[in-house]
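Examination of the molecular architecture
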Amino acid sequence: MYVVRLADGTLRVPQTLAGDDGRLIGNAYVEVSPGDPGYDRWLAESLTEEEWAERRRRWSAENDDLEREFLAFKAEQET
């Protein structure tokens, strides 16, 4: 998950929520505005919405070799 910088400067920061027993409950984004604690730290690694969309597009278009490798590994593990 990536930190996404919106046009108004707000950041969408990924956050994972776990239960008391450590099990994953879910993943979500929280919004962090300029001036909020931690904003500057997250800003340095943020992507614009356009950059994020381009990474998703490239991943989808270029992951065929990785997917084949994974499926071969999975098939090997099942035998």
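Look a little higher up for the structure.
**Section: the nonpolar core**
- If you look at the biggest cluster of nonpolar residues, it comprises five residues: Val 3, Leu 11, Val 13, Val 32 and Tyr 39.
- Excluding residues within four positions of it along the chain, Val 3 makes contact with Leu 11, Arg 12, Val 13, Pro 14, Trp 42, Glu 45, Ser 46 and Leu 47.

**Looking at the pattern of salt bridges**
- A complete count under the given rule lists four salt bridges for this structure.
- For Arg 57, the salt bridge goes to Glu 54, with nearest N and O atoms at 2.7 Å. Taken together, the positions of Arg 57 and Glu 54, both in helix H2 (residues 49–62) and three residues apart, correspond to about one turn of that helix.
- For Arg 57, a relative accessible area of 46% gives the class partly exposed.
- With a shortest N-O distance of 2.4 Å, Arg 68 and Asp 65 are connected by a salt bridge. Residue Arg 68 and its partner Asp 65 are both found in helix H3 (residues 64–78); the two are separated by three residues, about one turn of the helix.

**So, the pairing of strand S2 (residues 11–18)**
- Direction of pairing for strand S1 (residues 4–5) relative to S2: antiparallel, over a ladder of two bridges. By the bridge assignment for S2, Arg 5 is matched with Leu 11.
- What sits between the antiparallel neighbours S1 and S2 is a turn of five residues, in which Gly 9 has the positive phi angle 95°.
- For S2 and strand S3 (residues 24–32), the ladder comprises eight bridges, and the chain directions are antiparallel. From the neighbouring strand, Pro 14 faces S3, where its bridge partner is Tyr 29.

**Observations concerning the packing of aromatic side chains**
- Within the structure shown, the criterion is met by one aromatic pair.
- For the pair Tyr 29 and Trp 52, a centre-to-centre distance of 6.2 Å together with 70° between the ring planes defines the contact as edge-to-face. On the criterion of sequence distance, the pair formed by Tyr 29 in strand S3 and Trp 52 in helix H2 is long-range, its members being 23 residues apart.
- According to the relative accessible area criterion, Trp 52 is partly exposed, its value standing at 24%.
- Positioned above the aromatic ring of Trp 52, the side-chain terminus of Arg 56 is 4.2 Å from the ring centre.

What counts, and where the lines are drawn
Residues numbered from 1 in each chain as written. Predicted model: local features only at pLDDT ≥ 70, side-chain atom pairs only at ≥ 80, totals over all residues. Heavy atoms only, no water. Core = buried A, V, L, I, M, F, W, Y, C linked by side-chain atoms within 4.5 Å. Buried < 20%, exposed > 50% of the residue type's maximum accessible area, 1.4 Å probe, protein only. Contact = heavy atoms within 4.5 Å. Salt bridge = Lys/Arg side-chain N within 4 Å of Asp/Glu carboxyl O. Helix = DSSP H or I, 4+ residues; strand = E, 2+ residues; numbered from the N terminus. Pairing = 2+ DSSP bridges. Phe/Tyr/Trp six-rings, centres within 6.5 Å; stacked < 30°, edge-to-face > 60°. Lys NZ or Arg CZ within 6 Å of the ring centre and 35° of its normal.

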